Number of protein chains: 2
Amino acid sequence: MEFSIDYFTRLADEAVSQIKYPDVCAGLYEPIRYAMGAGGKRLRPSLCMAVYAALTHGNPLDVISQATALEMYHNFTLLHDDVMDNADLRRGQPTVHRKWDANTAILSGDTMLSMAYGMLAKDAGERFRAVFDVFNRTALEIDEGQQLDMEFETRRRVTIEEYMEMIRLKTSVLLGCACQIGAIMAGASEEVCEKFYNYGISLGLAFQLQDDWLDTFGDPVIFGKEIGGDIVNKKKTWLLITSLAEAEEEVEGILGEDLVPEERVTQIKRVYDHLGLSKRCAAVAMRYADEAVAALRGVALDRDAEDFFVDLAHKAATRNH
Amino acid sequence: MEFSIDYFTRLADEAVSQIKYPDVCAGLYEPIRYAMGAGGKRLRPSLCMAVYAALTHGNPLDVISQATALEMYHNFTLLHDDVMDNADLRRGQPTVHRKWDANTAILSGDTMLSMAYGMLAKDAGERFRAVFDVFNRTALEIDEGQQLDMEFETRRRVTIEEYMEMIRLKTSVLLGCACQIGAIMAGASEEVCEKFYNYGISLGLAFQLQDDWLDTFGDPVIFGKEIGGDIVNKKKTWLLITSLAEAEEEVEGILGEDLVPEERVTQIKRVYDHLGLSKRCAAVAMRYADEAVAALRGVALDRDAEDFFVDLAHKAATRNH
């Protein structure tokens, strides 16, 4: 078996394309097919399969149903988040609530959440209860993360600690959950399950910090998105929160001015440069990548599996798209 | 043990009031507490406990967690339905999306759905997988029912068969599910589980038809709602669908006129009277109540339990509020 992210992504893509939707009620299921077919990194199902395969040397397709459940769940959160954020585009396509309407996004999203629970149960056998418990706790944490994210928008100040807790809940716990479910399905010990969960948590933090970095310092051609959107929207990212802590008056002054978007981005980036935030943000992301790798210390892995998890962590912190 | 609906309702009310919400993230959990505390019939948890107690002669509190899960799930559907229907009031109080906002209703609703799954698992032991399967299938059916309900609003014609299928999905399957979960938790045979499921299905149909009847023919003081709302909103209920099938031109004529609400209600009710729809709707509701009772034939029940299920079915079809 090839142990690469491309391999697991292909398996996940294939599984997603083969999801069976009921023949009835096309108005409910067509938006789900649309959202699931829009692509994406398939990171959560890939992690689940990779952990399972690494621990069992078995067929990653043994956990394809749990892997697909994680992807379905992730896309459910995107449907509802996009309604709440009033977002127009997702992966370059109109969001479900734009292509259809908000009611469709709400109800098809609800359906995706129940479909995810159903897929989680399929072929899980005696492991189901353990898998369910992790997944259900994670779903509640992610709701809390989204709630915090929304509350932060209207709060004047957010500390770095609060921000890290928010992204842990909103992003990291699902990566931890994906790894842990792979480990549970492999019949791993609680200790190994926990190590993989911690790997996913740190991976998620590295991933999200690099996301913040890319939005400000990325190459728009390679990143595939406009640069500076977070600054224009005054989004409280690691960069903005840190700059507010270290150069409050200057940053508040720029944000308070009625500037055209490009000018605001230029001026805020000048502050970021002055504070050395590009390098510092990248360094923090890399520290979490290292923590992810360290979390797996003591887990017996073949060389190709170990390389996979190490590379993935470092790529999360250094990726340019 | 007292075998009455009041008794089970009290147990359910008490359990709802004792739900533990996390101390964190009040913005997420406060709307849930508000929605759960607004009262309601607690029919679903009562059914679950009643079936369990009837089959085991045991303590209905053995299944209080599953019963509460059903109530949490039901209230989740109300939160999201109220957003989709843009409803202002629920049980005489402002809906969550009015008291807070739509985003709160969406996200707190999502949280309720995951909380419901979690409660379902609690203390379910080895029965969990069977309980989960019924619940998960039911949740998907209810989503389909809500989708159909929304689609019917913009469709010119809906047949009675389509309407009955919609209310089966939107309302009945959750009552069937509540009964079946009570039976599964009691360790009943598949045959008995199915009989109770069918009882809940027919009970739900009787209940919903009487709901249609009350909206047009109820006593506003006793019913506690304004009468005629369905007619004003041209809602395709059993009454309107039947009148459209039997007196199309007349009904279309009235609905097409620009009448003040009271006049539209008066004129449509005149057609209903002419067609004898009040008695006929009540008779169909009673037929489903009888079917509910018949579904339990062959189940060995104590006299008080049997009386309970028979009375409940007949009350569903004859209740005046």
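Before reading on, note that the structure itself is shown above.
Residues numbered from 1 in each chain as written. Chains lettered and ligands numbered in written order. Predicted model: local features only at pLDDT ≥ 70, side-chain atom pairs only at ≥ 80, totals over all residues. Heavy atoms only, no water.

(A) Highlighting the side chain of Asp212 of chain A. Residue and element names in this part refer to chain A. Checked against the element boundaries, Asp212 lands in helix α9 (residues 190-217). It turns out Asp212 is buried and unbridged, and the closest side chain with the opposite charge, Lys235, is 7.0 Å from it. Residues within four places of Asp212 in sequence aside, it is in contact with Tyr163, Thr237, Trp238 and Leu239. (Helix = DSSP H or I, 4+ residues; strand = E, 2+ residues; numbered from the N terminus. Buried < 20%, exposed > 50% of the residue type's maximum accessible area, 1.4 Å probe, protein only. Lys, Arg positive; Asp, Glu negative; His and termini not counted. Salt bridge = Lys/Arg side-chain N within 4 Å of Asp/Glu carboxyl O. Contact = heavy atoms within 4.5 Å.)

(B) Region of interest: the packing of helix α6 (residues 102-121) of chain B against helix α7 (residues 128-154) of chain B. Residue and element names in this part refer to chain B. Two elements in contact, α6 and α7, have axes whose closest approach is 10 Å; the angle formed by their N-to-C orientations is 155°. By the angle between their directions, the pair α6 and α7 is classed as roughly antiparallel. Where α6 crosses over α7, the handedness of that crossing is right-handed. Contact with α6, carried on its side by Ala116, Tyr117, Leu120 and Ala121, involves Phe128, Val131, Phe132, Phe135, Asn136 and Ala139 of α7 and no other residues of that element. Partitioned by chemical class, the residues of the contact of α6 with α7 number nine nonpolar, one polar and no charged. (Axes fitted to C-alpha atoms, helices over the stretch in contact; angles between N-to-C directions. Parallel < 35°, antiparallel > 145°, perpendicular 65-115°, else oblique. Left-handed = near helix turned anticlockwise from the far one by under 90°. Nonpolar A, V, L, I, M, F, W, Y, C, P; charged D, E, K, R; others polar.)

(C) Structural view of helix α6 (residues 102-121) of chain A. Residues and elements named next belong to chain A. With 20 residues, α6 ought to run about 28 Å at 1.5 Å a step, and its terminal C-alpha atoms sit 29 Å apart, in line with that. When you tally the buried positions in α6, you get 17 out of 20 residues, the bulk of the element. One or two steps after α6, the chain reaches Asp123, where phi turns positive at roughly 60°. (Expected span 1.5 Å × (residues − 1).)

(D) Main features of the nonpolar core. Grouped together as the largest cluster of nonpolar side chains are 247 residues, with contacts concentrated most on Tyr199 of chain A together with Tyr199 of chain B. With near-sequence residues (within four places) excluded, Tyr199 of chain A lies in contact with Leu47, Cys179, Ala292, Val293, Ala295, Leu296, Phe309, Leu312 and Ala313 of chain A. (Core = buried A, V, L, I, M, F, W, Y, C linked by side-chain atoms within 4.5 Å.)

(E) Structural detail: the packing of aromatic side chains. For the structure on display, the rule yields 38 aromatic pairs over all chains. Ring geometry for Tyr73 of chain A and Phe76 of chain A: centres 5.5 Å apart, planes at 55°, overall tilted. In this pair, Tyr73 of chain A and Phe76 of chain A both sit in helix α4 (residues 64-85), three residues apart, roughly one turn of the helix. The class for Phe76 of chain A is buried, based on a relative accessible area of 2%. Aromatic pair Trp213 of chain A and Phe217 of chain A: ring centres 5.6 Å apart, planes at 40°, arrangement tilted. Of this pair, Trp213 of chain A and Phe217 of chain A both sit in helix α9, four residues apart, which is roughly one turn of that helix. Here the two residues Trp213 of chain A and Phe217 of chain A agree in accessibility, since each one is buried. Every member of this aromatic cluster is reached through a ring pair, and the members are Tyr73, Phe76, Tyr117, Phe128, Phe132 and Phe135 of chain A together with Tyr73, Phe76, Tyr117, Phe128, Phe132 and Phe135 of chain B. Over the aromatic face of Phe128 of chain B sits the side chain of Arg129 of chain A, whose NZ or CZ is 5.1 Å from the ring centroid. (Phe/Tyr/Trp six-rings, centres within 6.5 Å; stacked < 30°, edge-to-face > 60°. Lys NZ or Arg CZ within 6 Å of the ring centre and 35° of its normal.)

(F) Region of interest: the relation of the copies chain B and chain A. Superposing chain B onto chain A requires a rotation of 180° together with a translation of 0.0 Å along the rotation axis, leaving an RMSD of 0.0 Å. Such values leave the two copies arranged in the relation of a two-fold axis. (Least-squares fit on C-alpha atoms with pLDDT ≥ 70 in both.)

(G) Structural context of the environment of Glu151 of chain A. Residue and element names in this part refer to chain A. By secondary structure assignment, the location of Glu151 is in helix α7 (residues 128-154). Taking relative accessible area as the criterion, Glu151 reaches 27% and is therefore assigned partly exposed. Polar contacts involving the side chain of Glu151 include one to the side chain of Gln147, which spans 2.7 Å. (Polar contact = N/O pair within 3.5 Å; in protein donor to acceptor, adjacent residues only side chain to side chain.)

(H) Seen up close, the packing of α7 of chain B against helix α8 (residues 160-185) of chain B. Residue and element names in this part refer to chain B. Their axes nearest at 8 Å, the elements α7 and α8 cross at an angle of 165°. The angle between the axes of α7 and α8 places the two elements in the roughly antiparallel class. In terms of crossing hand, the pair formed by α7 and α8 is left-handed. Looking at the contact of α7 with α8 residue by residue, the classes come out as 16 nonpolar, four polar and six charged.

(I) Spotlight on the pattern of salt bridges. Inspection of the entire model under this criterion finds 46 salt bridges over all chains. Lys195 of chain A serves as the salt-bridge partner of Glu191 of chain A, at 3.9 Å between the closest nitrogen and oxygen. In this pair, Glu191 of chain A and Lys195 of chain A are both assigned in helix α9, four residues apart and thus about one turn of the helix distant. Here Glu248 of chain B and Arg156 of chain B are joined by a salt bridge, their closest N and O atoms 3.7 Å apart. Placement of the pair is Glu248 of chain B in helix α13 (residues 248-256) and Arg156 of chain B in the loop between α7 and α8, with a sequence separation of 92 residues. Connected via shared salt-bridge partners are Asp81, Asp149, Lys170 and Lys235 of chain A.

(J) View of the side chain of Ser114 of chain B. With respect to the secondary-structure elements, Ser114 of chain B resides in helix α6. Excluding anything up to four places from it in sequence, Ser114 of chain B contacts Leu113, Tyr117, Asn136, Ala139 and Leu140 of chain A.

(K) Highlighting the interface of chain B and chain A. Opposite the 34 residues of chain B that make contact, chain A presents 34 residues. Taken together, both faces of the contact between chain B and chain A bury some 3,100 Å²; the carbon and sulfur share is 65%. For the chain B face of the interface with chain A, the top three residues by lost area are Leu107, Ser114 and Glu144 of chain B, together amounting to 17%. The interface formed by chain B and chain A holds zero salt bridges in total. The interface formed by chain B and chain A contains 14 residue pairs in polar contact (both at pLDDT 80 or more). (Buried area = accessible area lost by both parts, 1.4 Å probe.)

(L) Structural detail: unusual backbone geometry. All names here are of chain B. Positive phi values are uncommon outside glycine, yet Cys25 reaches one of about 55°. Within the secondary structure, Cys25 is located in the loop between α1 (5-17) and α2 (26-36). A relative accessible area of 13% means that Cys25 is categorised as buried. Positive phi, normally seen in glycine, also occurs at Lys234, with a value near 55°. Along the polypeptide, Lys234 turns up in the loop between α11 (229-232) and α12 (238-246). With a relative accessible area of 39%, Lys234 lands in the partly exposed category.

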